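Residues per chain are reported as follows:
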Amino acid sequence: MSQIKAVIVEDSRLARNELKELIKGYPQIEVIGEAENVDDGFALLNNELPDLLFLDINMPEKDGFELLEMLDDVPITIFTTAFDEYAIKSFEYNALDYLLKPINEKRFAQAIEKVEEKLSKNTEATTKENTERLTGNSQIFIKDGEKCWLIKVGDISHFEIVGNYTRVFFQDEKPMLYKSLNQVEEKLPEKYFFRANRQQIINTNFITNVVPWFNGKLKLTMANGEEIEVSRRQSYLFKDKMSL
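About the criteria used
Residues numbered from 1 in each chain as written. Predicted model: local features only at pLDDT ≥ 70, side-chain atom pairs only at ≥ 80, totals over all residues. Heavy atoms only, no water. Pairing = 2+ DSSP bridges. Helix = DSSP H or I, 4+ residues; strand = E, 2+ residues; numbered from the N terminus. Axes fitted to C-alpha atoms, helices over the stretch in contact; angles between N-to-C directions. Domains from an automatic or database assignment. Buried area = accessible area lost by both parts, 1.4 Å probe. Polar contact = N/O pair within 3.5 Å; in protein donor to acceptor, adjacent residues only side chain to side chain. Nonpolar A, V, L, I, M, F, W, Y, C, P; charged D, E, K, R; others polar.

The name recorded for the chain in an unreviewed UniProt entry is Response regulator transcription factor, from Maribacter aurantiacus.

Here is the structure:
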């Protein structure tokens, strides 16, 4: 397995140091940054894009749950806290594990084993998805109400979340596809399509203009005149993808 890049967000310097001592026993994990509050952690996570986050829950001003809500893309998360009353809530946020301080070495080892299993499964799933992805010339059938379309994937300008489903934009049409945006994304050709934010996936061939926006974000203008804001995290990836 390749190196696991980790970030620690914890307000106690002592607790951060104890975590780093535990991590030293796992050469496959590289701590690439640490922060002592939510706002600094948010900036760090957006800049570094780690695989793994060790996150304290109780911090001044904002707590760990609020940090996760601020992120567009949440890394694998292990909560670290001195209080066990947050255990159930932590799993509502899809945390991989929950470690009580002081952290036991055996429990820490079990958590890291879970991380490695999760990353391994993610890699296998990505490999499988890539072999099953559509191409720009693939045709998909869409039925919305009494209307039906057979449309080339490459002719779709963008997709947008509507509740639990996805709206598809092509030509002057915008029918509903009864699948989640995440399900749609798994099948799209990565060469053309890009996740701009939580709500939208765009076809880069339909972009007519790109301008810098607030807080490191980008704003795109699509061929139909619609403006789409790219989240700060995704803006970094978009620049890399488009060599901007």
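Next up on the list: the sheet that holds strand S13 (residues 207-212). As summarised here, the arrangement of the three strands in space is S13-S14-S15, forming an open sheet in which the pairing is antiparallel. Each edge of the sheet is formed by a strand with only one pairing partner; in this case those strands are S13 and strand S15 (227-230). Strand-to-strand twist in this sheet, taken as the mean axis angle between neighbours without regard to direction, amounts to 25°. Inspection of the sheet shows S13 paired to strand S14 (residues 218-222) by five bridges, in the antiparallel sense. If you follow Val-211 over to S14, its bridge partner there is Lys-219.

Take the domain arrangement of the chain next. When cut into domains, the chain gives domain 1 (4-122) and domain 2 (152-242). Here domain 1 and domain 2 share an interface that buries about 820 Å² over both sides, 42% of which is from carbon and sulfur atoms. The largest share of the area that domain 1 buries against domain 2 comes from Asn-46, Leu-49 and Asp-72, three residues that together contribute 60% of it. One can count two residue pairs in polar contact (both at pLDDT 80 or more) joining domain 1 with domain 2. Those elements giving two or more residues to the side of domain 1 that touches domain 2 turn out to be helix H2 (38-48) and helix H3 (64-70). In terms of residues, the side of domain 1 that touches domain 2 owes the most to one element, H2, which gives five residues. Split into classes, the residues belonging to the side of domain 1 that touches domain 2 amount to six nonpolar, two polar and three charged.

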